[in-house]
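This is what each chain is made of:
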Amino acid sequence: MPFDVAVRGSVPAGGLGSGWPGSSAPRIDAEAKARGEHRFPSDYRPDGALWVWPVRAPLVHAEIAGVEVAAARAVPGVVGVFTAAHVPGLNRFGLVTADQPVLCDRVVRCAGDMVAVVAAESRRVARRASRLVTVSGRPLPLVTDPAMALLPDAPKIHPSGNLCAELLLGHGDVAAGFAEADVVVEYAYRTGRQEHAFLESEAGVSYLDDDGRLTVCAGGQNPFTDRRQICAALDLPESAVRVLNPMMGGAFGGKEDISVQIVLALVTHLTGRPARLTLDRAESIAFGVKRHPFQVRYRVGATGDGEFTALDAELIADTGAYEALGPGVLGLAAEHTGGPYAYRHARIAGKAVHTNNGNSSAFRGFGNPQVTTGIEQVIDLLADRLGIDPLKLRGRNALRPGQRAAAGFAVGYGVELPGVLDSAGAGQLLAEAEGWKAAAAPGKRRGVGVACAWQGFGLGAGVEPGAQVWAERTVDGGCRITVSCPDLGEGNLTAFAQIAAGALGCEVDQVQVCAGDTDGPDSDASNASRTVFAVGNAVAQACARLRECADRGPAKVVHRYRPELPDAHRIGMPHIGYTPSAMVVGVEVDVLTGEVDVQRLEHHLDPGRVVNPAGVRAQSEGAIAQGLGFALLEDVEMADGRVRNDRFSNYLIPGVADLPAELRTILVSTPDRSNPLGVRGVGEIGITPVAAAVGNALADAIGYRFDRFPITPDAVLAGLEAGADG
Amino acid sequence: MDSRAIAPSRVVLRVNGVARELAVDPRGRLLDALREECGLTGTKDGCGEGECGACTVLLDGRARCACLIPVGAAAGGELTTIEGLRGDPVGECLVQEFRRAGAVQCGFCTPGFLVAAWSALARGECADAAAVTGSLAGNLCRCTGYVPIVDAVTRVGRQVPPLGRHAPPRGRQVPAGAVASAFGQARPLSGDPRFLVPDTLENAHTAVARLAGRAVLIAGGTHLMAAGGLEESDAVAVWLGGLAELGRIELTPGWLRIGAAVSWARLRRDTEIARLVPALARAAAGVGGPQIQEAGTLGGNLVNAAPGADGVPPLAIHRAEVELSSAAGTRRVPVTEFAVAPGRTLLAAGEILTAVLIPVPADPPTDRLEFFTKVGPRRGRAMIDKVTVATTAVLIGDRLTDVRIALGAAGPTVGLATEAARLLMAGPVDAARLAAAAKAAAAIADPIDDIRPTADHRRRVVAGILVRELSARLGVPFDGGRTR
């Protein structure tokens, strides 16, 4: 499969040794995983472990009068059935605001809320006992529509009401901006409720270690936030609990929030016995967090020669029952609204709204895919009205260093968009576009579309703490790097090994990397496209200090990398830097059946300095696959607060035949000036522009633009008919 | 008898060349027996319904989903898990190519892909990227986007010749040409009253009669296991894998007889099926990934009577009959009448569907035009939100004769588009005739109005399939809508 690296700017230092930064060193974990030898969180089986079974509330929104567990407790083999009364400390958790019950005491707000947890000697007994728990209470009216949720007489999901977060950002005076415009385009649309669908569901074990310390080993994205919430619930000091996040079977943001960790710890804490819990697929889809569905309205004005004068955007995000990371998603979405372009005036209004529709939280892209889907199609609409080439229109308005983004903050170092625009413009897909489209067979229509994206990396101003790591020279002369951010599958630990090898002048296989343990340093989470940037720089600096140690024997460096963050315009905004990309997509539509075949795709991205080209390509392609799902396939359908499609047979993710026959990632590498390594985060950028590029390509193919994502075959057929009439 | 209170009996499984005696309920999932009882955690639980392939193992050298196999059905067979591929030349080659290609990210799906690839490589089905894509259609990955996985397996395919055998490393070797399938091979009986393996049809009838409603007949068992299996119930599994006659495909004068327990995989590859009932071979190739094709059976498909049962439209256009056997004798019923409603058939208590019979003329026409097309939102494996159309016809001059059209997933049971067929036969084929026939076929579709896609959409797709497929095969241009 073609894979191009066009390196512009300086070439990464180092380069001797097969693993040094800049080379596609194989993953350090690949072989053990391929052999089935790596133990995932769901593979742990402590001797004598109790099987834990969560009991979910029978109603979606209800006031609880009582939870009856006597019948369940009486089942032979049941060791305990625990309710809210058994939670020793704070019966609430949450990454920012602790508003979600560990075990519901008074109110149930979504289908996934737990009311009790069973611990038994076997899985079968635990399951059977769970069915004997009865909950009495009275139903409360359901809130399932965000617009309805904001009405003054809407039932309140929380005492403070249904508005979880709101913001108003921008600069200048949009009315004046529209007055200056020669052309104004409006576009309103909604995006789907996407499920992470990691192949390994939420899973873990808990036990008392040899020293009697409570230990939880689970799939999670930050062992320290897991521990903080476990300790709050169990009323234990943090020194009394250890959390491990081993390499797990995918996360994509869906394992940042607590899932199994607290109930596992609770069972071990109360029984003294090890415990295990793996959600089955239906539970995972039905009750796990989801991507926020967004409803977005854009209005954008431009002058006749293509300068953007005004942007007015409204965002509504359905955040579900609890806060989780809703405000953060809304904030990042607003930050990126309008795309990497300058507007003379801008106004962005956003709301995150509570409903009884499950719970929404982090998912790769974190609000950006939802807003990029719109602006990149708006720009195409403007280009069409103005008679300007779509890429040139983007280039003309691309944010320059120091300019203000639509949300009102200044982009310090700029966004390096021109490089990827040029690359896309010079690419094979666009060069061949007209000929390729003309060659469509009877009954097929082809279209080509482009979309750009920017994605902030790191956690943003006022939030990104940098990372602490350890670098040690071991007794046998090798090196050990210890970080806390787990490897979710993205290969960050391999990148750290390469960085360490480069800094120390040794081979990659002489570097051991330990991760995901609260007994180590706090490198903060694996999320937000941050680890190669924040933790990678810490590793590089720590190793440089280690190398300087005069003592040749064992040595340990504890080092914290503190990135130089811009001033916060708003919490988390702006980011220290932004990764730019330009995506070109060629689609073919069957006009008789509405089937859409994405046949060609080029992703031009600038990852900054490249530690591992194959690793960057891997992130690009994996994110693109999820983006195709977001664009064409994936939607969790809710009815009365319950998920209707909770299996892989009815929640469809892309399979091997759904990826484009031609899929290319082209790297344009210009060092980022925000950090010493010059890297940019690449974990999320690939997913963000896909839906817009597909939407633009479909508009090119059939002359119809869609306002609802995912775009399914029935919508395509309807669109073909409307296009024929219109 | 509360079967849950029975002490687990001892089931003997041969795993990675080693015989293991396990105390488990034979109705339980093989996946759980491997992971919990054998401690072989390389095989993963990803979905529990055969969609993701993370639990792929080899049973007699063929890729199967362990989440869909009751333990009792694996007894006596040769099982290979990812751990058993260690040291195998093809297995080692796969590990190194996956590593080199960057095909391992989180790694949870990887063992399933490797085992599925091993099986396809053994058969020589990895000649190029397109073949590899088909061979891996039963495995999902959420991290990589598949490209390096396909690259890695394609590279192995170029280095490794087909093994010419169907048994995995270690264990008994079975020549590739042998009538190898889970059915027809003698299986040691587990001796557990919850899982019966009758060796004659007569014994099967006796057992079913004795069990008075508690018997659940299993052939491939995919539907049953995906829906949760039998462990929580009092039901007794009566596994039909010991009945050789159910696993045969036989051409007799006037009839092609397909045993009820013939798998999709065999239907797909059988030369008589390809020659006489090509729509059925086509349906078999798309019913699911290779793991599902190896497990699922035609009889199971018919008895489950889902509105979208892929086996029904191809059989309907060939006027097939089903043979129902009971202790009192056998009877035959047209396939088009067998399913009466979703999930309900004419199968009476105590009856077993034993065969499908397809009438074949003495000299079948050589220029038969026939297709089976399935359309859904995802390529390769649409299971839901789909529409299927099966069509057969003979072109004589410029006219179609002997036309029959059947629709699947377009109504509670199969739809016969008789008016559409009549229109097609009524005159020379041209664009207008095709369009009229397509419209007539769409009109008989009576699907439920799901939120998405709507009944209207399914009707449009029915019409679209007919126009597209007939136009292409007959060389008739059609009006594809206005040009942009």
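In what follows, the structure referred to is the one given above.
This is a predicted model, so every value here is computed, not measured.

Rules and cut-offs
- Residues numbered from 1 in each chain as written.
- Chains lettered and ligands numbered in written order.
- Predicted model: local features only at pLDDT ≥ 70, side-chain atom pairs only at ≥ 80, totals over all residues.
- Heavy atoms only, no water.
- Pairing = 2+ DSSP bridges.
- Helix = DSSP H or I, 4+ residues; strand = E, 2+ residues; numbered from the N terminus.
- Axes fitted to C-alpha atoms, helices over the stretch in contact; angles between N-to-C directions.
- Contact = heavy atoms within 4.5 Å.
- Core = buried A, V, L, I, M, F, W, Y, C linked by side-chain atoms within 4.5 Å.
- Buried < 20%, exposed > 50% of the residue type's maximum accessible area, 1.4 Å probe, protein only.
- Buried area = accessible area lost by both parts, 1.4 Å probe.
- Salt bridge = Lys/Arg side-chain N within 4 Å of Asp/Glu carboxyl O.
- Polar contact = N/O pair within 3.5 Å; in protein donor to acceptor, adjacent residues only side chain to side chain.
- Nonpolar A, V, L, I, M, F, W, Y, C, P; charged D, E, K, R; others polar.
- Phe/Tyr/Trp six-rings, centres within 6.5 Å; stacked < 30°, edge-to-face > 60°.
- Lys NZ or Arg CZ within 6 Å of the ring centre and 35° of its normal.
- 1 Å grid on protein atoms, 1.4 Å probe; cavity = no way out; pocket = protein on both sides within 12 Å on 5 of 7 lines; lining within 4 Å.
- Points joined across faces, edges and corners; volume = space filled by probe spheres on them.
- Expected span 1.5 Å × (residues − 1).

### Some thoughts on the sheet that holds strand β21 (residues 479–482) of chain A
All names here are of chain A.
Moving on, step 1. Overall, mixed pairing links the four strands, which are arranged β22-β21-β20-β23 in an open sheet. The sheet is open, and its two borders are formed by β22 (511–514) and β23 (555–561), each paired with just one other strand. Ignoring which end each strand starts from, the neighbouring axes of this sheet average 20° apart.
Moving on, step 2. As paired elements, strand β20 (residues 467–473) and β21 share four bridges and run antiparallel to each other. The residue of β21 that forms the bridge with A471 is I481.
Moving on, step 3. On the sheet, helix α14 (residues 492–504) packs against β21 and β22 and is oriented at approximately 140° with respect to β22.
Moving on, step 4. Against the sheet, helix α15 (residues 531–548) engages β20, β21 and β23, with an angle of about 140° to β23.

### As for the nonpolar core
Moving on, step 1. Counting residues in hydrophobic clusters, the biggest one holds 186 residues, and the most contacted among them are Y298, L311 and L382 of chain A together with L94 and F98 of chain B.
Moving on, step 2. Top element by residues in this core is helix α17 (residues 690–702) of chain A. It accounts for nine residues.
Moving on, step 3. Within the second largest apolar cluster, 71 residues are counted, among which are F195, I218, W264 and V356 of chain B.

### Points about the interface of chain A and chain B
Moving on, step 1. Each side of the interface is counted separately: chain A has 88 residues, and chain B has 71 residues.
Moving on, step 2. Regarding the contact of chain A and chain B, the summed buried area is about 6700 Å², with carbon and sulfur atoms giving 52% of it.
Moving on, step 3. Contact with chain B buries area across many residues of chain A, yet R35, L199 and V656 of chain A alone supply 12% of it, more than any other trio.
Moving on, step 4. Summed over the shared surface of chain A and chain B, the result is 15 salt bridges.
Moving on, step 5. In this structure, the salt-bridge partner of R142 of chain B is E634 of chain A, at a minimum N-O distance of 2.7 Å.
Moving on, step 6. Our enumeration of links across chain A and chain B arrives at 25 residue pairs in polar contact (both at pLDDT 80 or more).
Moving on, step 7. Within the residue set of the side of chain A that touches chain B, elements represented by two or more residues are α1 (30–34), α3 (123–130), β19 (444–457), β25 (596–605), α16 (613–632), α17 and α18 (713–725) of chain A.
Moving on, step 8. In terms of residue count, the dominant contributor to the side of chain A that touches chain B is α18 of chain A (eight residues).
Moving on, step 9. Split by residue class, the side of chain A that touches chain B holds 38 nonpolar, 19 polar and 31 charged.

### Here's the deal with the side chain of H457 of chain B
Moving on, step 1. Topologically, H457 of chain B is positioned in helix α18 (residues 455–474).
Moving on, step 2. Beyond its immediate stretch of four places on either side in the chain, H457 of chain B contacts T593, P713, D714 and L717 of chain A.

### Things to note about helix α7 (residues 261–271) of chain A
Residue and element names in this part refer to chain A.
Moving on, step 1. Within α7, eight of the 11 residues are buried, leaving the element largely enclosed by the surrounding structure.
Moving on, step 2. Of the positions making up α7, those classed as buried are Q261, I262, V263, L264, A265, L266, V267 and T268.
Moving on, step 3. In the stretch just after α7, G272 is the one whose phi turns positive, near 75°.

### Details of the side chain of S526 of chain A
All names here are of chain A.
Moving on, step 1. Here S526 shows up in the loop between β22 and α15.
Moving on, step 2. Separated by 2.5 Å, the side chain of S526 and the backbone oxygen of P486 make a polar contact.
Moving on, step 3. When neighbours within four sequence positions are excluded, S526 is seen to be in contact with Q221, C485, P486, L488, E490, N492 and T531.

### Looking at the packing of aromatic side chains
Moving on, step 1. One pass over the structure, following the stated rule, counts 14 aromatic pairs over all chains.
Moving on, step 2. With centroids separated by 5.1 Å and ring planes inclined at 90°, the aromatic side chains of F40 of chain A and F108 of chain B adopt a geometry described as edge-to-face. Linking F40 of chain A in the loop between α1 and β2 (50–56) with F108 of chain B in the loop between α3 (89–101) and α4 (110–122), this pair reaches from one chain into another. Residue F40 of chain A shares its accessibility class with F108 of chain B, and that shared class is buried.
Moving on, step 3. Joined through ring pairs, the aromatic side chains of Y187, Y189, Y298 and F709 of chain A make up one cluster.
Moving on, step 4. When the ring centre of F363 of chain A is taken as origin, the NZ or CZ atom of R291 of chain A, which lies over that ring, is 4.2 Å away.
Moving on, step 5. Directly above the aromatic system of W255 of chain B lies the positively charged group of R332 of chain B, at a separation of 4.4 Å from the ring centroid.

### Let's talk about the environment of V463 of chain A
Residues and elements named next belong to chain A.
Moving on, step 1. Within the secondary structure, V463 sits in the loop between β19 and β20.
Moving on, step 2. When its relative accessible area of 35% is taken as the criterion, V463 is described as partly exposed.
Moving on, step 3. Through-space distance from the C-alpha of V463 to that of A568 is 9.0 Å; in sequence the pair is 105 residues apart.
Moving on, step 4. With sequence-adjacent residues up to four places away left out, V463 is seen in contact with I571 and G572.

### Examining empty space enclosed by the protein
All names here are of chain A.
Moving on, step 1. By the definition in use, this model includes 12 cavities of 30 Å³ or more.
Moving on, step 2. The computed volume of the largest cavity comes to approximately 460 Å³.
Moving on, step 3. Looking at the largest cavity, it is lined by 36 residues, and the ones nearest its centre are R56, Q100, I258, F287 and G288.
Moving on, step 4. Contributing elements (two or more residues each) for the lining of the largest cavity: β6 (100–101), α7, α8 (281–287) and β27 (642–643).
Moving on, step 5. In terms of residue class, the lining of the largest cavity is built from 19 nonpolar, 10 polar and seven charged.

### Side note on α17 of chain A
Moving on, step 1. Taking 1.5 Å per residue as the helical rise, α17 of chain A with its 13 residues ought to reach 18 Å, and the 18 Å between its terminal C-alpha atoms agrees with that figure.
Moving on, step 2. G703 of chain A occupies a position one or two residues after α17 of chain A and carries a positive phi of about 70°.

### What to know about the pairing of strand β11 (residues 321–326) of chain B
All names here are of chain B.
Moving on, step 1. Most of β11 sits out of view: five of its six residues are buried.
Moving on, step 2. Note that β11 and strand β12 (residues 329–334) share six bridges and pair antiparallel. Note that in β12 the partner of S325 across the bridge is T330.
Moving on, step 3. Note that β11 and strand β15 (residues 352–359) share five bridges and pair antiparallel. Each bridged residue has a counterpart across the sheet, and for E321 the counterpart in β15 is L357.

### Description of the pattern of salt bridges
Moving on, step 1. With the rule as written, the count across this model stands at 78 salt bridges over all chains.
Moving on, step 2. A salt bridge links R460 of chain B to E721 of chain A; the shortest N-O distance between them is 2.8 Å. Taken together, the residues span two chains, with R460 of chain B in helix α18 and E721 of chain A in helix α18.
Moving on, step 3. A relative accessible area of 38% means that E721 of chain A is categorised as partly exposed.
Moving on, step 4. Across the pair E250 of chain B and R257 of chain B runs a salt bridge whose closest N-O atoms are separated by 3.9 Å.
Moving on, step 5. Overall, the relative accessible area of 31% leaves E250 of chain B in the partly exposed class.
Moving on, step 6. Through salt bridges with shared partners, a single ionic network connects R124, R127 and R131 of chain A together with D25, R27, D192, R194, E231 and E232 of chain B.

### A look at the environment of A302 of chain A
Residue and element names in this part refer to chain A.
Moving on, step 1. In this fold, A302 is placed in strand β16 (residues 294–302).
Moving on, step 2. Residue A302 is classed as buried on the basis of its relative accessible area, which comes to 0%.
Moving on, step 3. With residues near it in sequence (within four places) discarded, A302 still touches A181, D182, V183, E307, F308, T309, L382 and L386.

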